[in-house]
Each structure stands twice: as structure tokens, then as C-alpha cells.
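# Inside the fold
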Amino acid sequence: MTELAPYAADAAQTRGRRHHEPTPQGRSDFERDRDRIIHSTAFRRLEYKTQVFVNHEGDLFRTRLTHSLEVAQIGRTIARNLRLNEVLVEAIALAHDLGHTPFGHAGQDELNACMKDYGGFEHNLQSLRVVDLLEERYADFNGLNLCFETREGILKHCSRDNAKTLGEVGERFLSDQRPTLEAQVTNLADEIAYNNHDVDDGLRSGLISLDQLADVSLFARHLAMARERHPDVAGRRLIHEIVRRMINTLVLDLIAQSTENIRAAAPANLDEVRHAPALMAFSPAVAQEQRELKQFLHKHLYRHYQVERMSEKARRIVRELFVAFHDNPALLPPQYQAKAKNDKARTIADYIAGMTDRYAYREYRRLFSIEEM
Ligand code: MG
């Protein structure tokens, strides 16, 4: 194993866990975090949560689980090349979407609207809530009791108001500091993963076409490369040849530009990383191409009428469940009723956010279907 860079996050130097635990045997503290995440209930639910396409729409589309695995794979490659802590990147990547509601962004936006008068709902914050509080597996504490560095990586964004309530992990949003380079890597690996798999899934679904994408520069130049190398290849195989090249370009560009940024800033340790500007970045030209691709996906895929129809249904399910539980908490399962006595709205939000797509459907039918008694 190559030695970590002096500015990498070292598990032996962790700021520690909220509840003290002895250093594990046979693995580092960050490895223990990763292992706890993989064994959590919230992690298994990711399999049945929508990324863009609802789980039952097709077996080959990405889910939050396969998305998280792709983020971990891309992030680890980048981390290894920069001599950063691969295990910390993996832990953050596997946990970064644990707080997502069912039905992708439509579900989250609607739950946020339902929670408007009760502190709102934000999926990053919810991911932290899952690992800090909501998992119930250990005798001595709630949550997974993860290391500070894993928790701060999970909390990618946060409003100042929320940051004030979070203690140590919220401080950087108030003092304008950066998280570890490992957290910065994971954030950009997330972008690389979803931009590319949404192109792939979008083409698979037929909602977007190769012809449309030929106007997007990042896609167009990799299409040209793939065609030149393999003039006779078409269909799915051609798409894979393009997507794998785009991922490769983005990863290599990110490594090259970030190496340059790190060299210029020359941080001596992690503390200097925290006080430097964000050092992980794409080159300006590739960053522009990524923005163009993102805009294309927003316009042609995420707002496609067939996706909108699904989103409308998702919003209705989330809202009607929230309203029903809020009007009558006796409809909640018993363990949630007990918690709802302290904080009704937040408990309902936790319950709904934890649902998989199909569980939310089933719950909706159980509550509102006349045929199903
Ligand atoms: Mg993600």
C-alpha cells in the first residue's frame, strides 16, 4: 500500500466518535465505519430507492445502491492516485445517499414542502441523522457512532441555521472551512457517476437519443473517438464505449487539475487543507463541458414528460401520507407513535424518508385504497 500524503485523512488521527470506543482490532477506524454502513438497514434500503427511474420501471436502471457503489469505485480510483485515504472515500460514498426519500428528488422536494413549518427536510442532513440517530443496532448508543471525518463527509451541504444546531460537524459551514480532501473527492465522484449513468439510463429508457446528445460537447467528442476506433459498433455497445470514455476523461482530468491545485497550495497537513480553498476540481474546460451535460440532462431527461408524470405521482404519495399521519398519528406503526409524542412532524418525516419506493406505494394503498381492506 502506498503511503498516505501528509494532507490525507489518517484514521489513526481521527477526531474520534461521539461515544468513545476503543480502536478496533484488525482494521482501522475508517474501515470500521465502512463496515458499519454496509451492515446497516438504511444501506439495504438503497436497493429499492429511485435514482431517476422508479425501481419497478426496469431491472437494469441504476438504483441508489448501484449509484453509491459507482461513486465508491470512482472515488477510490481518484483517492489512490492522489495518495488520499481510499477507505474514508469509500465509507462516505456508501453513506452519502442514506437519507434519500423514496422516489428521488420529487420525493425529497415534497417532503421538504410538507416540513416547511417544522424545520424543513434536506437529504444530506437526513443522511447524517440516519448514521447519528436513526439506526438502532447497538446497545450503547443510537446510530452507527461513526468517526467525525466520515460524518462531515456525509454532510455535504448545510444551511447556516441547521449548522448551528449540529455542534462540531456543523462548524465548517459557519467558519467557511473545507472538509477533508476525501470528502471533496467523494462529492465530485458523485457528480461523475450520476452524469454518466443518467446518460446511460436515459438512452436505455429511450427518453433521450444519441442524436440529441451529439450536440453536447463532452458526449460528442467521445462519440467521435468511439466511432473512429470502432466504425462498425452500434447500439448498446457503442453507448458503453462512449460512457466509459467520458468517465475516464473526467476522472483523469480531475486527478490532473487537483494535483496541480495541491502542488500550488502545498498544504502541509489536513488542517491546512481545511483553511485552503477547495483543492479538488476539474480543469475549467472540462468543468464547462460537465455543466453543459448537466443542463442537457435537466432539460431533456429530468423534465421529460414521462419522468414528470412519475414525479407528480411521487409528490402526491409523499404529501398524502404526510398529511394523513399528521392529522392522525394513530395511523403510524407503534414504534413511531411513541416517538411522535415528542416531535410529531420530524418523526413522520423520518418514517417517510426511510421508506423504499415500493413500501411507500404499499403504505399508500393500505391507507387510501377502497378495494384493499
Ligand atoms: Mg449521490
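In the block above lies the structure referred to throughout.
### Considering the side chain of Asn85
- Its location among the elements puts Asn85 in the loop between helix H3 (64-81) and helix H4 (86-95).
- You can call Asn85 buried: its relative accessible area is 8%.
- Within the local environment of Asn85, its side chain forms a polar contact with the backbone nitrogen of Val87, the two atoms lying 3.2 Å apart.
- In this structure Asn85 touches Leu4, Ala8, Ala9, Asp10, Ala11, Phe30, Ala79 and Glu182, once residues within four positions along its chain are discounted.

### A few points about the coordination of the magnesium ion
- Only His67 (NE2), His96 (NE2), Asp97 (OD) and Asp190 (OD) from the protein reach the magnesium ion as donors, at distances of 2.1 to 2.8 Å.
- Read N to C, the donor residues that coordinate the magnesium ion are spaced as H-x28-H-D-x92-D. Here the residue His67 occupies a position in helix H3, and Asp97 occupies one in the loop between H4 and helix H5 (104-114), the gap between them amounting to 30 residues.
- Judged by relative accessible area, Asp97 falls into the buried class, the value being 3%.

### A few points about the packing of helix H10 (residues 181-205) against helix H13 (residues 235-265)
- Between H10 and H13, the shortest axis-to-axis distance is 10 Å and the interhelical angle comes to 160°. In terms of their interaxial angle, H10 and H13 are classed as roughly antiparallel. The crossing of H10 and H13 is right-handed. Two secondary-structure elements touch here, H10 through Leu181, Leu188, Ile192, Asn196, Val199, Asp200, Leu203 and Arg204 and H13 through Arg236, Ile239, His240, Val243, Met246, Ile247, Leu250, Val251, Leu254 and Ile262.
- Each residue belonging to the contact of H10 with H13 can be placed in one class, and the counts come to 13 nonpolar, 2 polar and 3 charged.

### Section: unusual backbone geometry
- One non-glycine residue, Arg83, adopts positive backbone phi at about 55°.
- Examined against the element boundaries, Arg83 turns out to sit in the loop between H3 and H4.
- At Asn145, a residue that is not glycine, the phi angle is positive and equals roughly 50°.
- Of note, Asn145 is situated in the loop between helix H6 (123-134) and helix H7 (148-154).

### Details of empty space enclosed by the protein
- This structure, assessed with the given rule, holds 1 cavity of 30 Å³ or more.
- In this structure, the largest cavity occupies an estimated 30 Å³ of space.
- In terms of lining, the largest cavity is formed by Arg18, His19, Val131, Asp132, Asn142, Asn145 and Leu146.

### Let's talk about the packing of H3 against H4
- In contact at an axis separation of 8 Å, H3 and H4 are set at 160° when each is read in the N-to-C sense. Here H4 runs roughly antiparallel to H3, going by the angle between their axes. In this structure, H3 crosses over H4, and the sense of that crossing is right-handed. Contacts between H3 and H4 involve Ser68, Leu69, Val71, Ala72, Gly75, Arg76, Ala79 and Arg80 from the first element and Glu86, Val89, Glu90, Ala93 and Leu94 from the second.

### Section: the nonpolar core
- Formed by 84 residues in total, the largest nonpolar core has its most connected members in Ile37, Ile78, Leu98, Val199, Leu213 and Phe219.
- It is H13 that contributes the most residues to this core, 10 residues altogether.
- Not counting residues within four places of it along the chain, the set of residues in contact with Leu98 comprises Ile37, Ala42, Phe43, Leu46, Ser127, Val130 and Val131.
- Ranked by size, the runner-up nonpolar core spans 26 residues in total, among them Leu111, Phe325, Ala353 and Met355.

### So, H4
- Here H4 lies mainly inside the structure; 10 of its 10 residues are buried.
- Every buried residue of H4 is accounted for by Glu86, Val87, Leu88, Val89, Glu90, Ala91, Ile92, Ala93, Leu94 and Ala95.
- Looking at the buried positions of H4, the neighbouring elements they touch are helix H1 (29-38), helix H2 (41-45), H3, H6, H7 and H10.
- Where H4 begins, one side-chain oxygen reaches toward the backbone nitrogen of Val87, 3.2 Å away; that side chain belongs to Asn85.

Definitions and cut-offs
Residues numbered from 1 in each chain as written. Predicted model: local features only at pLDDT ≥ 70, side-chain atom pairs only at ≥ 80, totals over all residues. Heavy atoms only, no water. Helix = DSSP H or I, 4+ residues; strand = E, 2+ residues; numbered from the N terminus. Buried < 20%, exposed > 50% of the residue type's maximum accessible area, 1.4 Å probe, protein only. Polar contact = N/O pair within 3.5 Å; in protein donor to acceptor, adjacent residues only side chain to side chain. Contact = heavy atoms within 4.5 Å. Donors = N, O, S within 2.8 Å, 3.2 Å for Na, K, Ca; no water. Axes fitted to C-alpha atoms, helices over the stretch in contact; angles between N-to-C directions. Parallel < 35°, antiparallel > 145°, perpendicular 65-115°, else oblique. Left-handed = near helix turned anticlockwise from the far one by under 90°. Nonpolar A, V, L, I, M, F, W, Y, C, P; charged D, E, K, R; others polar. 1 Å grid on protein atoms, 1.4 Å probe; cavity = no way out; pocket = protein on both sides within 12 Å on 5 of 7 lines; lining within 4 Å. Points joined across faces, edges and corners; volume = space filled by probe spheres on them. Core = buried A, V, L, I, M, F, W, Y, C linked by side-chain atoms within 4.5 Å.

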